[in-house]
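The chain contents come next:
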Amino acid sequence: MSERVKFFPGREVSAEAFQSGSVLLTEYSTDLKYSWASGVAISKFLNELKNGKIVGRKCNRCDRILVPPRMFCEECFRLTDSWIYTKDTGTVNTYSIAYVGTDASRLKEPLYIAVINIDGASPGMGFLHLLNEIKSEKEIKVGMKVRAVWKEQSERTGSILDIKYFKPL
Amino acid sequence: MPANQQVAIVGVGASKFNTVTSGLSYKEMMFDAAVKAYADAGLDPRTDIGSFICCAEDFWDGNSITDEYMPDQLGAKLRPLFTVSGDGLLGIAHAYMHILAGVADIVAVESHSKLSDVVSKKEIINLGYDPVFGRLPHVDPRYLAGLEMRRYLEESGNTHEECAEVVVKNRGNALRNERAVYGAKVSTKDVLESEEIASPLTKLEESQPADGSVVVVLASRRRARKISDRPIWISGISWFSDTPNAEEMDFGQARYALHSSIKAYKMARVTNPSKQIDFAEVDDTYSYKELQHIEALGLAKHAGKFVSSGKGDPDGVLPVNVSGGSLGMGYFIEATPLIKVYEAVLQLRGMSGKNQLPNPKRCVVQSWRGIPTQSGVTAILSR
Ligand SMILES: [Zn+2]
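Residues numbered from 1 in each chain as written. Chains lettered and ligands numbered in written order. Predicted model: local features only at pLDDT ≥ 70, side-chain atom pairs only at ≥ 80, totals over all residues. Heavy atoms only, no water.

Visitor: Explain the overall build of chain B here, please?
Guide: Counting secondary structure elements, chain B contains 15 helices and 11 strands. Relative to the compact-globule value of 21 Å for 383 residues, chain B shows a C-alpha radius of gyration of 19 Å, a close match. Seen along its three principal axes, the alpha-carbon backbone of chain B occupies a region of about 55 × 45 × 35 Å. Within chain B, the fraction of its 383 residues that count as buried is 61%. Taking all contacts inside chain B whose residues are at least 6 apart in sequence as the whole, residues at least 24 apart take part in 76%. A total of about 14,400 Å² of accessible surface is found on chain B, and carbon and sulfur atoms cover 52% of it. For chain B, the separation between the mean place of its 42 positive charges and that of its 47 negative charges on side chains is 8 Å. (Helix = DSSP H or I, 4+ residues; strand = E, 2+ residues; numbered from the N terminus. Rg over C-alpha atoms; globule rule 2.2 N^0.38 Å. Buried < 20%, exposed > 50% of the residue type's maximum accessible area, 1.4 Å probe, protein only. Contact = heavy atoms within 4.5 Å. Areas by Shrake-Rupley, 256 points an atom, 1.4 Å probe, with all protein chains shown as cover. Lys, Arg positive; Asp, Glu negative; His and termini not counted. Charge placed at Lys NZ, Arg CZ, Asp CG, Glu CD.)

Below, the structure written as structure tokens:
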């Protein structure tokens, strides 16, 4: 190998070696908890979802409407100027049909996941969400117009899932 | 001897420090610090800054790819940015290298603490321990500080009372610092009689968590002279790692601070630190760490006597943690030393308000990465 290290000890081990306990593993599991402060912009956004509304922030310098909202414009690097309510309709930017669950099993009902550009927000603005009420997978297209389907007001909690999904318009 | 003047701090900014910042997201908190730093430097991050460095540990932020979430609030969208999983002073070292290597003329360094978002603080510390030997079940991981403190006091001859004097000094200094949130008038009796965490360490001897973000802007010599009429030079900087094994740690002295300071002093042409350094911002995560670091940095031979006789007071021969340190300002995880840099820059510029020292010219800022590590950075700042 080199002048200093002529050989390095160790050999390939078999599954039996693990099972018999002749090769030992150090096991540890952890459980970490966080409670992130949503902040000014996202708190307002989540609260307005409870009211069945989508809100963004407008930057007066670049004239963009940012959805989800943020208190600063990342392009102009300045504070944004005002709250703007958008429509709850949008356009599918891209989509994928997810067939595999977190445990690697095949999903009986695949999930239709889409990036949705929200109408009234600037191009490239919107959020990731689910599509549903799809008659046939062939129906889904990039550029398809969609509308939010909301949970009942009493069931909304201030979560992105207060919108159940988007359906074809 | 003129100082090493190759890289300078030309702008600093800090968010409001607090024990809990529930009204702002970490991104909004960082934006607050960044806007102030860029205004201080008179620079536009979208065009003027060539490299952005964030110092954050994924476990504390709760994202396994923290760097991806950093650009927007620093003005670094579609700009060169990376995250250092180390403390803020290590970020300053990276900035120094970027500038000398010609990667960028102007670099921004950010570090933050949003400890109020983290519920599992103890478990994250525990995850730093060796999985075979260090992760003792059902015990607060701060036992390692108790082990180190006892051996350090045994070897150094410093006393527990002298450790308590550090707390009295730093929390007292914090009372005169408007940015500090843990300022208090406490007595050595209060400190020694507060409940024990892991003996001999008591509750009041530990710095308490706080939230905040700091951004520091650095520039090459050529650019610094144009940007700033009061550049603060990084005249020396070095970092060392010791062993992660408790059995091999030299609890009697902080070797990471000793060796990194020897190198940093050499770069800065400091031959007699106790005479040539005007003030020091050293790590004081725990009371005894300040004493251990004062000795390792060559500021005093017997740090206990040095502190208890008032030599480290704001009106002493070599003020240590005049800002209030971590005991007085709070513990900000990776941002802790960047807050010390921020405070040191204000001192060197003569902008420290009630805590201002008379005409300081050169200081040492030093970091320790916390239990269970034996690593840290030493930097010499001068004007
Ligand atoms: Zn803008």
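Visitor: Sorry if this is basic, but what is going on with the layout of surface pockets here?
Guide: Within this model, the largest pocket holds a volume of roughly 1,000 Å³. Taken together, 50 residues line the largest pocket, and the ones lying closest to its centre are Ile125(B), Tyr129(B), Gly370(B), Ile371(B) and Pro372(B). Of all the elements in the fold, those that place two or more residues in the lining of the largest pocket are helix H2 (58–61), helix H5 (121–126), helix H6 (143–156) and helix H15 (336–349) of chain B. For the lining of the largest pocket, the residue count by class is 22 nonpolar, 14 polar and 14 charged. Roughly 500 Å³ of volume is contained in the second largest pocket. Ser38(A), Ile42(A), Ser25(B), Tyr26(B) and Lys27(B) are, among the 19 residues lining the second largest pocket, the residues nearest its centre. At the level of secondary structure, the elements contributing two or more residues to the lining of the second largest pocket comprise helix H2 (39–50) of chain A together with helix H1 (26–41) and helix H3 (71–74) of chain B. (1 Å grid on protein atoms, 1.4 Å probe; cavity = no way out; pocket = protein on both sides within 12 Å on 5 of 7 lines; lining within 4 Å. Points joined across faces, edges and corners; volume = space filled by probe spheres on them. Nonpolar A, V, L, I, M, F, W, Y, C, P; charged D, E, K, R; others polar.)

Visitor: Would you take a moment to explain the coordination of the zinc ion for this structure?
Guide: For a metal with four tetrahedral donors the ideal donor-metal-donor angle is 109.5 degrees, while six octahedral donors give ideal angles of 90 or 180 degrees. Residues and elements named next belong to chain A. Coordination of the zinc ion by the protein is provided by Cys59 (SG), Cys62 (SG), Cys73 (SG) and Cys76 (SG), with metal-donor distances spanning 2.3 Å. If you look at the zinc ion, its 4 donor atoms make angles of 104 to 114° with each other, and the shape they trace is tetrahedral. Of note, the donors binding the zinc ion are all from one chain and are spaced C-x2-C-x10-C-x2-C. You can see Cys59 sitting in the loop between strand S1 (55–58) and strand S2 (65–66) and its partner Cys76 sitting in the loop between strand S3 (72–73) and strand S4 (78–79), a full 17 residues away along the chain. Just as Cys59 is buried, Cys76 falls in that class too. (Donors = N, O, S within 2.8 Å, 3.2 Å for Na, K, Ca; no water. Tetrahedral: all angles 85-135°; square planar, octahedral: opposite > 155°, others 65-115°.)

Visitor: Honestly, the interface of chain B and chain A in this entry has me stumped. Any pointers?
Guide: Taken together, the 35 residues of chain B in the interface contact 22 residues of chain A. Together, Glu28(B), Phe31(B) and Asp117(B) form the three largest contributors to the area buried by chain B at its contact with chain A, with a combined 25%. There are 4 salt bridges connecting chain B and chain A. The interface formed by chain B and chain A contains 15 residue pairs in polar contact (both at pLDDT 80 or more). The set of elements that each furnish at least two residues to the side of chain B that touches chain A consists of H1, H2, H3 and H5 of chain B. If one sorts the elements of the side of chain B that touches chain A by residue count, H1(B) sits on top with 6 residues. (Buried area = accessible area lost by both parts, 1.4 Å probe. Salt bridge = Lys/Arg side-chain N within 4 Å of Asp/Glu carboxyl O. Polar contact = N/O pair within 3.5 Å; in protein donor to acceptor, adjacent residues only side chain to side chain.)

Visitor: How do you make sense of a nonpolar patch on the surface when you look at a structure like this?
Guide: Residue and element names in this part refer to chain A. Together, Met1, Val5, Phe7 and Phe8 give the surface a local cluster of nonpolar side chains, amounting to about 520 Å² of exposed area. Along the polypeptide, Met1 turns up in the segment before helix H1 (15–20). Taking relative accessible area as the criterion, Met1 reaches 74% and is therefore assigned exposed. (Patch = residues over 30% accessible without salt bridge, like charges linked within 9 Å, V, L, I, M, F, W, Y side chains within 5 Å.)

Visitor: Explain the packing of H6(B) against helix H12 (residues 287–296) of chain B to me, please; I cannot follow it from the model alone.
Guide: Angle between the axes and distance between the axes: these two values describe a pair of packed helices. Residue and element names in this part refer to chain B. Interhelical geometry of H6 versus H12 gives an angle of 45° and a closest axis separation of 10 Å. Considering their axes alone, H6 and H12 lie oblique with respect to each other. Handedness of the crossing formed by H6 with H12: left-handed. The segment H6 lies against H12, with Ala145, Glu148, Met149, Tyr152 and Ser156 engaging Ser287, Tyr288, Lys289, Leu291, Gln292 and Glu295. Across the contact of H6 with H12, the residue classes tally to 5 nonpolar, 3 polar and 3 charged. (Axes fitted to C-alpha atoms, helices over the stretch in contact; angles between N-to-C directions. Parallel < 35°, antiparallel > 145°, perpendicular 65-115°, else oblique. Left-handed = near helix turned anticlockwise from the far one by under 90°.)

Visitor: Sorry if this is basic, but what is going on with the sheet that holds strand S4 (residues 106–114) of chain B here?
Guide: Across a sheet, paired strands are connected by hydrogen bonds in the backbone, their directions being either parallel or antiparallel. All names here are of chain B. With mixed pairing, the 9 strands of this open sheet are ordered in space as S3-S2-S4-S7-S1-S8-S11-S10-S9. Either end of the sheet is taken by a strand with one partner, and the two such strands are strand S3 (81–84) and strand S9 (279–281). For this sheet the average axis-to-axis angle between neighbouring strands, irrespective of direction, equals 30°. In this sheet, S3 lies alongside strand S2 (residues 51–55) in parallel orientation, the contact comprising 4 bridges. Residue pairing for S3: Ile53 is matched across the bridge by Phe82. (Pairing = 2+ DSSP bridges.)

Visitor: Where do I start with H15(B) in this structure?
Guide: Residues that lie three or four places apart on an α-helix share one face, since the helix turns once every 3.6 residues. All names here are of chain B. Across its 14 residues, H15 extends 20 Å between first and last C-alpha, which sits within 8% of the 20 Å expected from 1.5 Å per residue. In terms of residue burial, H15 counts as a mostly covered element, since 14 of its 14 residues are buried. Just downstream of H15, Gly350 is the residue with a positive phi angle, here 80°. (Expected span 1.5 Å × (residues − 1).)

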